[in-house]
Amino acid sequence: MLNKQSCVQVDISYQENTDQDHNSIMSEDNKGIFNLEDDTEPIDLNHHELNGDNDNDNTTNTPNNDWIDELRAAIEKGCDLGTIRSIGKCRPLKDDLRLRVWKTCLDINETNTEYDYSDGDIVDLPEQNIIRDDISRLANTLQINQDMITLKTTDIEAVIMYYCKTFNETYEKGNGWIEIFKPLITLEYKSRAELYALFASIRNRYIPRDCEADGMPYHLFRLLLLYHDPELCSFFDTRKITPDLYAHIWIRSLYAGSCQLNITLPLWDGYFQHADQFFAFFLALVLLMFAKEQLLEMAGKEKNEIISYLSKAPSNLSANDLDDFCSLANHYASNTPQSFRKEFYSCLFSETDRSFSQKAYSIYQALCLPVSVQELLQANQLGGTAGVRYFIIDCRPAEQYNSKHLYTAFHLDANLLLEDPKEFAGTVDALLAAQRHAIDAGSAAGGEHLCFIGSGHEEEDKYVRMVVAYFLRRNTKYVSIASGGYEILGKEIEDPSMLIQPQQHRISTVLHDSMTMGSTLKNNIAEKFPVINTQTVSLINMISSAVKTKSMEVKDKVKDYINHTSSHDSSHSIPKHVSQQDKVTKLYRQNQTSVFSLDEDDEDDPATSTRQRDTPELVDIESWFLRSDLLYKYECEHFDENEKAHSSLLLVSATHLYILRKLPDHKTMANLVSRRPLNIVSKITSKKHVPEIITFRYAEGHSEEEEPEKAIKLNSKNTKTKISIDCDKVYLPDAGDAVKNIKLLIMKALNIYETGNDA
């Protein structure tokens, strides 16, 4: 039912922008995908083969089905779950493989006695009549002869009774057990003991505990929904529609009670291969995202109508939807902090810990999704691109933050929310501007996921929760809070360099303001963006001005910062790109033969004598390789001011040249030591005897009247001169190809200037 073209677009957008609104994947024809029909599907046990007449089957229509034979051979040899996952890749299975694959995935074998079964221990239960009524209802959907119906129903009744006795469970109507048997009785199981092992393993392994009204699983699901879509979560909260009202049968039956059989079987094929016990929650998220647009249109409908609409949503999935259904769920799973799994596993799935633990209580009390400090440190220490990247907001009092804090953490004083709400709102806008700047700069401090951290002391952290609630009211996505606060974080840090202390503040000599909110935030920016270029200084000034002038609209100033660079750059600042709308004098001479040339270096001319000495910025190499604007990358050796060579990378985009100096201790990290617009490259030279040593020289345009003593005239008729400002010298093994490509890009960049000036 999902439009195929739309699904292709979604897959691409996930790679480029994880903030994509997933509601757009529904085509106009599919907006009514979730109707309110409730047709009971007959179960044909004589023909449930998905690979027969079903035109939507993935296995028969796949050009190469060698994997099926490979999987069959592996099963014969007694392979494990890892081998099955590697070969099967969570794809739908053929009927002759399904039972054997499921048993392996569920760890059902002769050596595992966990689910042994004995007919002699079966006794009638007080709820026996309810069990038989539900089994009878299931039997009415079976399209088989009466003898087979009797056999199947007897097996189901015996298994339920034995399970209740073994695990001290009480059968309740609508608990999802009967629905779990719907796909199981289609399998050609050898004995009642095998059916029991399948049912017990699925129940204990994949169905969370406490799946009842206001139960723990539904509180956790609400936290996940709040994390990914606070707007939709607010829609439900205001109408008192809790997840247990619509997702009860989804979770309790692993979607078997809501999906058609031809959907449940392949869904379980992938589910058991994937072996993620929390995956049902992310499948539920996808269903809500599919339905979001129509749900918001139902704002004026009765509560029961909305619940009825939602609860039947999975029944309208088709076989063609499964790939996208599971792929989107995987996307949400990978874009969610992972520590909640470890935090809540014992109270949701553990068979040994059946008590109501403190962790279970924390699910009910959580304001937002918690994140362990271990995950926080791991995610930001090396700044990997896979999974979740955090923008850490330290909400402790200013004196605690300035005493010691995580080097990637920004400060937001929680007390300010009560003392001056208007000023707090302005600070938040400035902070979010810093977040965007950090992400654009590739800083280790940049991340789309906000994680708030307090001191770890209850009295102080009540203000932190108020700050978190403030962001949630703004429908801010990806909001989490660090479990245990800084008290736990400080104990977990093993590398002292991850902490910033007063004497380590990089520009403390520049910022002598008293410790107001503005000066604290300015220090934040300086620490996180050690390359203090024009834009960074502009951001610091913008924040300072925004804080001091309360009557000004901070939001407009942030927008102005993003759209325009500062108009009062220093003589050593890098000029912004010139657009066609900029009516300025030409920076370079129009009839000049070449703005740069590939000449031989003067051996007596020190190539590094004017090098800028900016503090390098720590970046993640892989994230730079994945940048969409990156055109070329070359291995090189970069020479510092002392002529010492460092293993580096020369990266080139359509507008800039970058040099990333690799870190010996961290193979995935590098220091960004040079970031140059191509339009200021004035000359490219090579050494006479070592042509692989290339020097890039940079120059800026200046007025002759302003700086006559520094001007080097390019032409007597020219009104602009160029001042040599810096250079970079590298050893390029592939110098010829690199210089050729860079030359073409420089010509294109300069052509943009010429076009803009002629407009």
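Remember, predicted model here, so these are calculated numbers, not experimental data.

A.B. asks: Explain the confidence of the model for the protein to me, and be specific about the residues and the numbers.
C.D. replies: Considering every residue of the protein, the mean pLDDT works out to 76; 70% of them sit at 70 or more. Residue range residues 47-62 is modelled with pLDDT below 50. Its contacts to residues more than four positions away, or to other chains, number 30 contacts. Between residues 602-612, whose pLDDT stays under 50, and residues either more than four places distant or in other chains, the model counts 26 contacts.

A.B. asks: Tell me about the sheet that holds strand β6 (residues 479-482), and please be specific about residues and values.
C.D. replies: By way of backbone hydrogen bonds, the strands of a sheet pair with one another, either parallel or antiparallel. With parallel pairing, the five strands of this open sheet are ordered in space as β1-β6-β5-β2-β4. Two strands close off the open sheet at either side, each with one partner strand: β1 (369-371) and β4 (409-411). Strand-to-strand twist of the sheet, defined as the mean angle between neighbouring strand axes without regard to direction, takes the value 35°. Where β1 lies against β6, three bridges are found, and the strand directions are parallel. Along β6, the bridge assignment pairs Val 371 with Ala 482. Seen against the sheet, helix α10 (residues 216-228) touches β1, β5 (449-453) and β6 and runs at an angle of roughly 85° to β1.

A.B. asks: Help me get a handle on unusual backbone geometry, residues and values and all.
C.D. replies: In this structure, Asp 214 takes a positive phi of about 60° despite not being glycine. Summarising the element assignment, Asp 214 is placed in the loop between α9 (192-206) and α10. Within the chain, Asn 475 stands out as a residue other than glycine whose phi angle is a positive 55°. Note that Asn 475 resides in the loop between α24 (458-473) and β6.

A.B. asks: Describe the packing of aromatic side chains, naming the residues involved and giving the relevant values.
C.D. replies: What describes a pair of aromatic rings is the distance from one ring centre to the other and the angle between the planes of the rings. For the structure on display, the rule yields 32 aromatic pairs. Relative to Trp 177, the ring of Tyr 163 has its centre 5.3 Å away and its plane inclined at 90°; by these criteria the two rings are edge-to-face. Pair noted here: Tyr 163 is in helix α7 (residues 146-167) and Trp 177 is in helix α8 (residues 177-184), with a separation of 14 residues, a long-range link. Where Trp 177 meets Phe 199, the ring centres are 5.8 Å apart and the plane angle is 70°; that geometry is what we call edge-to-face. With Trp 177 in helix α8 and Phe 199 in helix α9, the pair connects residues that are 22 residues apart, well separated along the chain. You'll find Trp 177 and Phe 199 in the same group, each marked buried.

A.B. asks: Lay out the packing of helix α6 (residues 128-139) against α8 in plain terms, naming residues and giving numbers.
C.D. replies: Running from N to C, α6 and α8 cross one another at 35°; their axes reach a closest spacing of 10 Å. Remark: the crossing between α6 and α8 carries right-handed chirality. In contact with Asp 134, Ile 135, Arg 137 and Leu 138 of α6, α8 contributes Ile 178, Glu 179, Phe 181 and Lys 182. Residues belonging to the contact of α6 with α8 are distributed by class as follows: four nonpolar, no polar and four charged.

A.B. asks: Account for the pattern of salt bridges, with residues named and values stated.
C.D. replies: Within this structure, the stated rule accounts for 25 salt bridges. Among the salt bridges present, the one from Arg 676 reaches Asp 726, with a minimum N-O distance of 2.4 Å. Placement of Arg 676 in strand β13 (residues 669-677) and of Asp 726 in strand β16 (residues 720-731) is noted, with a sequence separation of 50 residues between them. On the basis of relative accessibility, which here comes to 1%, the residue Asp 726 falls in the buried class. Salt bridges here are not isolated pairs; linked through shared partners, they connect Asp 69, Arg 72 and Asp 96.

Cut-offs used in this document
- Residues numbered from 1 in each chain as written.
- Predicted model: local features only at pLDDT ≥ 70, side-chain atom pairs only at ≥ 80, totals over all residues.
- Heavy atoms only, no water.
- pLDDT = per-residue confidence, 0-100.
- Contact = heavy atoms within 4.5 Å.
- Pairing = 2+ DSSP bridges.
- Helix = DSSP H or I, 4+ residues; strand = E, 2+ residues; numbered from the N terminus.
- Axes fitted to C-alpha atoms, helices over the stretch in contact; angles between N-to-C directions.
- Phe/Tyr/Trp six-rings, centres within 6.5 Å; stacked < 30°, edge-to-face > 60°.
- Buried < 20%, exposed > 50% of the residue type's maximum accessible area, 1.4 Å probe, protein only.
- Left-handed = near helix turned anticlockwise from the far one by under 90°.
- Nonpolar A, V, L, I, M, F, W, Y, C, P; charged D, E, K, R; others polar.
- Salt bridge = Lys/Arg side-chain N within 4 Å of Asp/Glu carboxyl O.

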